[in-house]
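Here are the chains, one letter per residue:
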Amino acid sequence: IQCGQYLVDANIKKDPSATGPEIWNPDVAALISWILTPIFGAIIHALNWRSLGQQRKAYISWGWAIFALCGLTALSIYVQDTYKDERVVDRTLGLANLVALAIWYFSFGRTHSKFVAKTLNGKYIKAGWFNPLCITVIFLSSIVMLGNRL
């Protein structure tokens with residue numbers, strides 16, 4: 001890096017020996033999904049599949065993200081209308097999130113981790129987590145603020 005050069009223009013690779021596509025670690029995406037719902041993990045996996053040239057699997061991951069979004073949203077609306085106790089609502093939605101995460105990961109998400117381990121042998125350019133996490137936090141904060149207004 002030279003003085004005055006933008007970091008974006010520097011094209012820095014974190015691991016000079018890494019080759020292949022730039023993807024996010026699928027196991028880390030699944031772990032972060034524990035907090036940010038399986039919607040986050042499915043979207044990250046879809047973007048990874050696209051980078052790996054696996055369009056069909058990318059579409060399946062997008063389908064999981066949409067299914068999880070619709071299902072968790074519908075359940076959230078139903079539970080909040082049915083139960084007035086906030087503790088019951090929080091526990092029910094937390095359990096639903098864990099169940100959705102387990103179903104997504106063990107039915108489809110884990111195949112991505114196995115594919116990366118088997119096909120790439122862990123040799124890929126590791127994409128940074130700053131942008132997807134910032135976008136997700138901003139999006140979720142907006143939804144929470146909007147929900148508080150209603």
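Up top is the structure these notes are about.
What you are looking at is a predicted structure, and each value in this text was computed from that prediction instead of being measured.

*Asks:* Honestly, the packing of helix α2 (residues 26–51) against helix α4 (residues 86–120) in this entry has me stumped. Any pointers?
*Replies:* What describes two packed helices is the angle between their axes and the distance between those same axes. Put simply, α2 and α4 touch, their axes get as near as 10 Å, and they point 40 degrees apart. In terms of their interaxial angle, α2 and α4 are classed as oblique. At the point where α2 passes α4, the crossing takes the left-handed sense. Partitioning the contact of α2 with α4 into residue classes produces 14 nonpolar, 10 polar and 1 charged.

*Asks:* How should I be thinking about the layout of surface pockets in this particular structure?
*Replies:* In this approach, a probe sized like a water molecule rolls over the atoms, and the result shows the empty space that is left. By volume, the largest pocket amounts to about 1300 Å³. Along the wall of the largest pocket there are 33 residues; nearest its centre are T37, T73, L140, I143 and V144. Those elements giving two or more residues to the lining of the largest pocket turn out to be α2, α3 (55–82), α4 and α5 (130–149). Classifying every residue of the lining of the largest pocket by side-chain character gives 20 nonpolar, 9 polar and 4 charged.

*Asks:* I would appreciate a short explanation of the packing of aromatic side chains in the present structure.
*Replies:* One pair of aromatic rings is described through two measures. These are the centre distance and the angle between the planes. One pass over the structure, following the stated rule, counts 6 aromatic pairs. Both rings, one in W49 and one in F115, keep their centres 5.1 Å apart while their planes meet at 55 degrees; by these two values the pair is tilted. Of this pair, W49 sits in helix α2 while F115 sits in helix α4, placing them 66 residues apart in sequence. Residues W49 and F115 agree in their burial class; the two are buried. Between the aromatic rings of W64 and F67, the centroid separation amounts to 6.1 Å while the plane-to-plane angle is 85 degrees, which identifies the pairing as edge-to-face. Note that W64 and F67 are positioned in helix α3 at a spacing of 3 residues, about one turn of the helix.

*Asks:* I would appreciate a short explanation of the packing of α2 against α3 in the present structure.
*Replies:* Two elements in contact, α2 and α3, have axes whose closest approach is 8 Å; the angle formed by their N-to-C orientations is 165 degrees. Judged by the angle between their axes, α2 and α3 are roughly antiparallel. By crossing handedness, the relation of α2 to α3 is classed as left-handed. Facing T37, P38, I39, A42, I43, H45, A46, L47, W49 and R50 of α2, the residues of α3 in contact are Q55, K57, A58, S61, W62, W64, A65, A68, L69 and L72. Taken together, the residues that form the contact of α2 with α3 break down as 14 nonpolar, 4 polar and 2 charged.

*Asks:* Looking at this model, I keep getting lost on the pattern of salt bridges. Mind explaining?
*Replies:* Opposite charge on two side chains permits pairing when their charged atoms draw close. Taken as a whole, this structure holds 1 salt bridge when the rule is applied. Residue D85 pairs with R87 through a salt bridge whose shortest N-O separation is 3.9 Å.

*Asks:* How do you make sense of the nonpolar core when you look at a structure like this?
*Replies:* As a rule of thumb, nonpolar side chains are buried together in soluble globular proteins. Judged by nonpolar contacts, A30, I39, A42, A65, A68, L72, A96, L101, W104 and Y105 together constitute the single largest core of 10 residues. Element by element, the count of residues in this core is highest for α4, at 4 residues. Discounting chain neighbours no more than four positions away, the residues touching A30 are L101, W104 and Y105. In terms of nonpolar packing, the next biggest core, distinct from the first, is built from 9 residues, I23, F115, V116 and L120 among them.

*Asks:* In this structure, what is going on with α2? I would like to understand it.
*Replies:* Side chains that are three or four residues apart share a direction in an α-helix, a result of its 3.6 residues per turn. A rise of 1.5 Å per residue sets the reference length of α2, with its 26 residues, at 38 Å; its end C-alpha atoms lie only 13 Å apart and thus fall more than 12% short of the reference. The sharpest bend along α2 comes to roughly 145 degrees, located at L36, with the proline P38 sitting one to four residues further on. Where α2 begins, the side chain of N25 points an oxygen toward the backbone nitrogen of D27, at a separation of 2.8 Å. Among the residues trailing α2, G53 stands out with phi positive, at a value near 80 degrees.

Calculation notes
Residues numbered from 1 in each chain as written. Predicted model: local features only at pLDDT ≥ 70, side-chain atom pairs only at ≥ 80, totals over all residues. Heavy atoms only, no water. Axes fitted to C-alpha atoms, helices over the stretch in contact; angles between N-to-C directions. Helix = DSSP H or I, 4+ residues; strand = E, 2+ residues; numbered from the N terminus. Parallel < 35°, antiparallel > 145°, perpendicular 65-115°, else oblique. Left-handed = near helix turned anticlockwise from the far one by under 90°. Nonpolar A, V, L, I, M, F, W, Y, C, P; charged D, E, K, R; others polar. 1 Å grid on protein atoms, 1.4 Å probe; cavity = no way out; pocket = protein on both sides within 12 Å on 5 of 7 lines; lining within 4 Å. Points joined across faces, edges and corners; volume = space filled by probe spheres on them. Phe/Tyr/Trp six-rings, centres within 6.5 Å; stacked < 30°, edge-to-face > 60°. Buried < 20%, exposed > 50% of the residue type's maximum accessible area, 1.4 Å probe, protein only. Contact = heavy atoms within 4.5 Å. Salt bridge = Lys/Arg side-chain N within 4 Å of Asp/Glu carboxyl O. Core = buried A, V, L, I, M, F, W, Y, C linked by side-chain atoms within 4.5 Å. Expected span 1.5 Å × (residues − 1). Bend = angle between axes of the 7 residues up to and from the residue. Polar contact = N/O pair within 3.5 Å; in protein donor to acceptor, adjacent residues only side chain to side chain.

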